[in-house]
Amino acid sequence: MTTLPGAFEFLLLALPARFRARHREEMLDLLSGYAETRSSWWRCAMWMRASVDVLWVAAVLRITESRRHRREGRSMTDLLLQDLLFAGRALRQRPGFTFIVVLTLALGIGASTAIFSVVNGVLLRPLPYRDADRIGILWHEFGDGAQNMPLVSPLDVREYSDRASVIEAFTMARDYEWILAAPDTPELVDVALVEAGFFEFFGAAASHGRIFTPEEDVPGAAPLVLLSHRLWTRRYGADEGVLGNTIDLNGQRMEVIGVLPDAFRLQLPVESFLRDPDLWVSMRWDPATSRPRNVTLYSAFARLRPEATFGQAQQEIEGIAEQLRREFPVHAATKLRARVVPLLEDVVKSAQGALVLLFAAAGFVLLIACANVANLVIMRGRARAHEFSLRAALGASRGALIRLALAESAVLCVAGAVVGGGIARVSIGLMKALAPGSVPRLESVSLDGTVLLFTAAITVTAAALFGLIPALLIARNDPAESLGGESRTTDGRGAQRSRNALIICEIAASLTLLIGAGLMVRSFAALTAVQPGYATEGALTLRVSLPAESFPDAATWAAMADELFEKVAALPAVQGVTFVSQLPLTGGGAMQPIAYDEQTATNWESASADRRLVRPGFFDVMGARLVAGRSFTRADAEAGNVIVIDEFLAELAFPGTDAVGRTLQTRDNATPEPERYAQVIGVVSHMRVHDLSRPLKNQIYWPRAGLRRFNLVVRTSADPAALVAPVRAELARLAPGAPVEDIQTLRELFDRALGASRLSLALMSVFGLVALLLASIGIYGVLSYAVAQRTREIGIRIALGQAPAAVRRQVLLEGGRLVGIASLIGVAGGLALSRLAAGLLYGVGPLDALTHVLATGMLVAAAAAACWVPARQATRIDPLEALRAE
Amino acid sequence: MGKQDSRSVMRSNWFHVLVALAGRDAHGSAIARDVLDQTGGALRLWPATLYRTLDDLVAAGLIIELVGDARPEGESGRRRYYQATAQGRAELAASAERMAALAGTARRRLGSNGK
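Residues numbered from 1 in each chain as written. Chains lettered and ligands numbered in written order. Predicted model: local features only at pLDDT ≥ 70, side-chain atom pairs only at ≥ 80, totals over all residues.

1. A short note on the overall build of chain B
- Per the secondary structure count, chain B includes 4 helices and 3 strands.
- Ordered by position from N to C terminus, the α and β elements of chain B give α-β-α-α-β-β-α.
- Counting the 115 residues in chain B, one finds 29% classified as buried.
- Residue pairs in contact within chain B that sit at least 24 positions apart in sequence constitute 57% of those at least 6 positions apart. (Helix = DSSP H or I, 4+ residues; strand = E, 2+ residues; numbered from the N terminus. Buried ≥ 20, exposed ≤ 12 C-beta atoms within 10 Å, placed from the backbone. Contact = placed C-beta atoms within 7 Å.)

Pasting the structure below:
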């Protein structure tokens, strides 16, 4: 309920500024006073009531204010305001109608505004850099789909920089994780090594202190540090005194020279190793000691010339890559290809499909809402023909009547937009809470000017649309006819047909949405039920980094791990303990080039596998299934030339034969002897560590007795949280000064990986249900109006002896016909929509019969309920009353 | 707005607010609570209506907003306190008279027609 005051505050914007400034706080106080000790339902109703009150008072105050300003004459604005005031009064006299219309519009406008704000914040709004639309990121691709990463060698970056003309500047950065030592708690921090020109490239400047100069960014110079705003506030309490001091990073003293502004965040594609860092260190890159060109560890950015396009830049980059292939054998062997991708596009690509689909769905909700309101307005317009005729007969000009109709729709739409804005604001908060970190840039989504402009545009369109319908009815209306004794009690065929067409569209659209929502539900259920190849329950994980000073080599790491494992295994309820270099579902990991036949051995990097280093016992503790051979022993960890591979790599490298005992050639560019042979001793089932929805990347496991940085995994039969304190205590005793981070369970990692799907699911379901509700209201309205229109006819029929059941059947049949036609269209729409959504579905085809049947069933059930009430009304018509009424 | 026809019964919101302020000076929330009590929970003044009514009453000279030393002791500056003016009290009294007269008429007629 904490969000309601927020939405209410938003609503207060309708009030004149002076009134708002005077009374805002006290109004909020009063309302929260009313809300105390009440149920949520009561508070919800209270909020609605108070909102109507605000809108009403706002209208009255604004009109009296404008009257005061221009008492001398009746200007156009004054007339308009008078119309609005009059319209407001008329609507207040029909609270039921007003409530339904405002609520319907608010739902439609709220849904589209909320989704548009996400589309705007995530997909459309430029990244917060200077000339952000000209910045691209470089991708290098080796082999035939073997490796395709936004990572480049710095030597190649220099080649691109020297040869490019369409691209005016390049810059690069490299990621590290270093231990930031301190008197109290050491911690592992994300570090970016950047060139001196990096900040200038992105248009950033230090908020305190300064950035490095090119003279300071040369080989052999002392390293200089810039703090991110968040590290500066969290760790140093935003104290400027830290400038000029030295800090201990990975055992090396470095001088802090500046702090970057809070607004400067690196936005990168998920594949990038670089992350928005905690601190920045001068790169001091030395070409002489640079690693070979096929070691790609740097993120490289390109800025186009103002007049250039990304198409031209791509051509240029391709051309240079071709030159590089000719000039450097290593690039020839791997068939190097390069791409330059607009940075924004690359950052948001994972969210694009879902957002476009959801935006379309929200658009549907808006259309359904509009169809509903149009129907209501048409019906009310017919019912009010008499009133308008009377006004016309009393001297109101036709223009004045049309103005009045437009004013009413304007008031309705603006009220709908204001309430819808409140709904959108609340929904944005909910969306952020539902999928933290799983949709890029979601945190920057807000109701900004662009979004409000969008809302205003759809509101004005809607207002014009609804206002025109009664206005046209008025224009066509002949007062004499409406006022004459023989007033028409039924509409012409045309009016009825257009109402029916609207209703059919509405039902069809909501069925389409229901099918979409159903597919999402099925897909999410399938995702949740995925067997990832490891057990997610009852496993605590934490990340440990041993400081280099006290743990200098592999022997000390292994000794520490041995003792730690012995102690942790002895804790109560612990069933097993192991470690791994990288946990599942924590992003891309190290890729290792492999060779298993002549083709792959002569084209290094044409095949590669995801490499993880594990402690013997890993597969048991993780709950992975051994398909063939055996798992690691302690002796394997000492020998170091044996591996376990996953079933897919076994099938790829040794198709149709037993992989156990065979040899794989591997390459590790980080060691002096990069190439070596390793014997496969076991094959395990594939673990879904990258993407829950599909197997991705072949896997290769190496045994290690100890690691400098490892993720401890403790399997327990009890609550994993209870182990945190004892495990930390052991770590503090065995490795003082080692940062312990990312304390979480495997289950939490699993749940987080479902975050984006959960958001799409929740939104589609809400849209589907809102659509169903609106369509039901629409059916109900149309049928009960039709019954009311035909009261006399039905009365005569009953008088002539037709059984009530037959009358009921006739009304139901009429409703059934509408629903039947609409269902056919809706199912077709559902098929089209689900084809669009195919890429977002998992474990369920777009043609899933169960979903289609259930969605249609739900719609028919709701429609039947909506038809039933008017059908019963029809049977209750008293023939005498019906005839007398005329 | 702001003009009262002296022969008609005063607008109901105005009347209730003046009743609330007849006994003591009070701020908006207290007035709203008082009105709720007076009417046995029947009349809840919603925020915008309440503060608009207070503004109108000030404009009509029936109440004033207390400033400076006139405010109750120990109150921080946030809440606005209101006090009925002599004119306000007079109008309230006149209104109450008229209502009492009306109520008497109603009661008499019901009595003569009652069963």
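2. Here we look at the overall build of chain A
- Along its length, chain A carries 28 helices and 22 strands.
- The buried share of chain A, taken over its 886 residues, is 44%.
- Considering only contacts in chain A between residues 6 or more positions apart, those separated by 24 or more positions represent 83%.

3. Some remarks on the packing of helix H24 (residues 755–789) of chain A against helix H26 (residues 804–837) of chain A
All names here are of chain A.
- Interaxial distance between H24 and H26 falls to 11 Å at its minimum, and their mutual angle equals 140°. Comparing the axis directions of H24 and H26 gives the class oblique. Note that H24 runs across H26; the crossing there is right-handed. Contacts between H24 and H26 involve Ile779, Leu783 and Val787 from the former and Val811, Glu814 and Gly815 from the latter.
- Classifying every residue of the contact of H24 with H26 by side-chain character gives 4 nonpolar, 1 polar and 1 charged. (Axes fitted to C-alpha atoms, helices over the stretch in contact; angles between N-to-C directions. Parallel < 35°, antiparallel > 145°, perpendicular 65-115°, else oblique. Left-handed = near helix turned anticlockwise from the far one by under 90°. Nonpolar A, V, L, I, M, F, W, Y, C, P; charged D, E, K, R; others polar.)

4. Section: the interface of chain A and chain B
- Taken together, the contact pairs 16 residues of chain A with 14 residues of chain B.
- Secondary structure elements with two or more residues in the side of chain A that touches chain B: helix H2 (17–35) and helix H3 (40–69) of chain A.
- Top element by residues in the side of chain A that touches chain B is H2(A). It accounts for 8 residues.
- Of the residues that constitute the side of chain A that touches chain B, the class distribution is 8 nonpolar, 3 polar and 5 charged.

5. So, the sheet that holds strand E3 (residues 81–84) of chain B
Residues and elements named next belong to chain B.
- With antiparallel pairing, 3 strands are arranged side by side in an open sheet as E1-E3-E2. Taken across any chain shown, the strands that pair with only one partner, and hence form the sheet edges, are strand E1 (26–27) and strand E2 (63–66).
- In terms of strand pairing, E1 meets E3 through 2 bridges, oriented antiparallel. By the bridge assignment for E3, Ala26 is matched with Tyr82.
- Across the sheet, helix H1 (residues 12–23) is in contact with E1, E2 and E3; its angle to E3 comes to roughly 90°. (Pairing = 2+ DSSP bridges.)

6. Here we look at the nonpolar core
All names here are of chain A.
- Within the largest apolar cluster, 159 residues are counted, with the highest numbers of intra-cluster contacts made by Leu105, Val365, Ile507, Phe767 and Ala771.
- The contacts of Ala771, once residues within four sequence positions are left out, are Phe364, Val365, Ile368, Ala509, Ser510, Leu513 and Leu514.
- Residues Leu138, Ile167, Trp280 and Phe301 belong to the second largest nonpolar core, which totals 65 residues. (Core = buried A, V, L, I, M, F, W, Y, C linked by C-beta atoms within 7 Å.)

7. Points about the environment of A:Asp278
Residues and elements named next belong to chain A.
- Here Asp278 lies in the loop between strand E8 (252–259) and strand E9 (279–282).
- Exposure remark for Asp278: the 21 C-beta atoms within 10 Å place this residue in the buried category.
- Each C-alpha atom, one on Asp278 and one on Arg230, is 7.2 Å from the other, the two residues being 48 residues apart in sequence.
- Apart from the residues within four sequence positions on either side, Asp278 is in contact with Val189, Asp190, Ser228 and Leu231.

8. As for the pairing of E9(A)
Residue and element names in this part refer to chain A.
- Burial along E9 is two-sided: the residues Leu279 and Val281 and Trp280 and Ser282 are all buried.
- Direction of pairing for strand E4 (residues 187–194) relative to E9: parallel, over a ladder of 4 bridges. Residue pairing in the sheet places Ala192 in a bridge with Trp280 of E9.
- As judged from the 3 bridges shared by strand E6 (residues 224–227) and E9, these two strands associate in the antiparallel manner.

9. Here's the deal with the environment of A:Leu343
All names here are of chain A.
- Looking at the element boundaries, Leu343 is found in helix H11 (residues 343–383).
- In this structure Leu343 comes out as buried when scored by C-beta crowding, with 24 C-beta atoms within 10 Å.
- Separated by 41 residues in sequence, Leu343 and Ala302 have C-alpha atoms that sit 9.3 Å apart.
- Once residues within four sequence positions are removed from consideration, Leu343 is found in contact with Leu127, Ile135, Gly136 and Ile137.

10. Here's the deal with unusual backbone geometry
Residue and element names in this part refer to chain A.
- Unlike most non-glycine residues, Asn250 shows phi in positive territory, near 55°.
- Locating Asn250 in the fold gives a position in the loop between strand E7 (246–249) and E8.
- For Asn250, a count of 18 C-beta atoms within 10 Å corresponds to the partly exposed category.
- Here Arg284, not a glycine, exhibits a phi torsion of approximately 50°, which is positive.

11. Remarks on the packing of H26(A) against helix H27 (residues 849–875) of chain A
Residues and elements named next belong to chain A.
- At their nearest, the axes of H26 and H27 sit 9 Å apart, and the two run at 155° to each other. Classified by the angle their axes make, H26 and H27 are roughly antiparallel. In this structure, H26 meets H27 at a crossing whose hand is right-handed. Residues Pro804, Val807, Arg808, Val811, Leu812, Gly815, Val819, Ser823, Val827 and Gly830 of H26 form the contact with H27, whose own contacting residues are His852, Thr856, Leu859, Val860, Ala863, Cys867, Pro870, Ala871, Arg872, Ala874 and Thr875.
- Residue composition of the contact of H26 with H27, by class: 13 nonpolar, 6 polar and 2 charged.

12. A closer look at the environment of A:Ala114
All names here are of chain A.
- Within the element layout of this structure, Ala114 appears in helix H5 (residues 95–124).
- Overall, Ala114 belongs to the buried group, with 28 C-beta atoms counted inside 10 Å.
- When the C-alpha atoms of Ala114 and Leu447 are compared, they prove to be 8.2 Å apart, with 333 residues separating the residues in sequence.

13. Looking at the confidence of the model for chain B
All names here are of chain B.
- Of all residues in chain B, 84% have pLDDT values of 70 or greater, and the mean over the chain is 83.
- Contacts of residues 1–7 to residues separated by more than four positions or lying in other chains number 7 contacts, the stretch itself having pLDDT below 50.
- As a predicted assembly, this complex carries a pTM of 0.69 together with an ipTM value of 0.86. (pLDDT = per-residue confidence, 0-100.)

14. Focus on the confidence of the model for chain A
Residue and element names in this part refer to chain A.
- When the pLDDT values of chain A are averaged, the result is 83; 91% of them are 70 or greater.
- Looking across chain A, the model is least confident in helix H15 (residues 479–483), with a mean pLDDT of 54, and most confident in E6, with 94.
- Note that residues 484–489 has pLDDT below 50 and, in this model, 5 contacts with residues that lie over four places away or in other chains.

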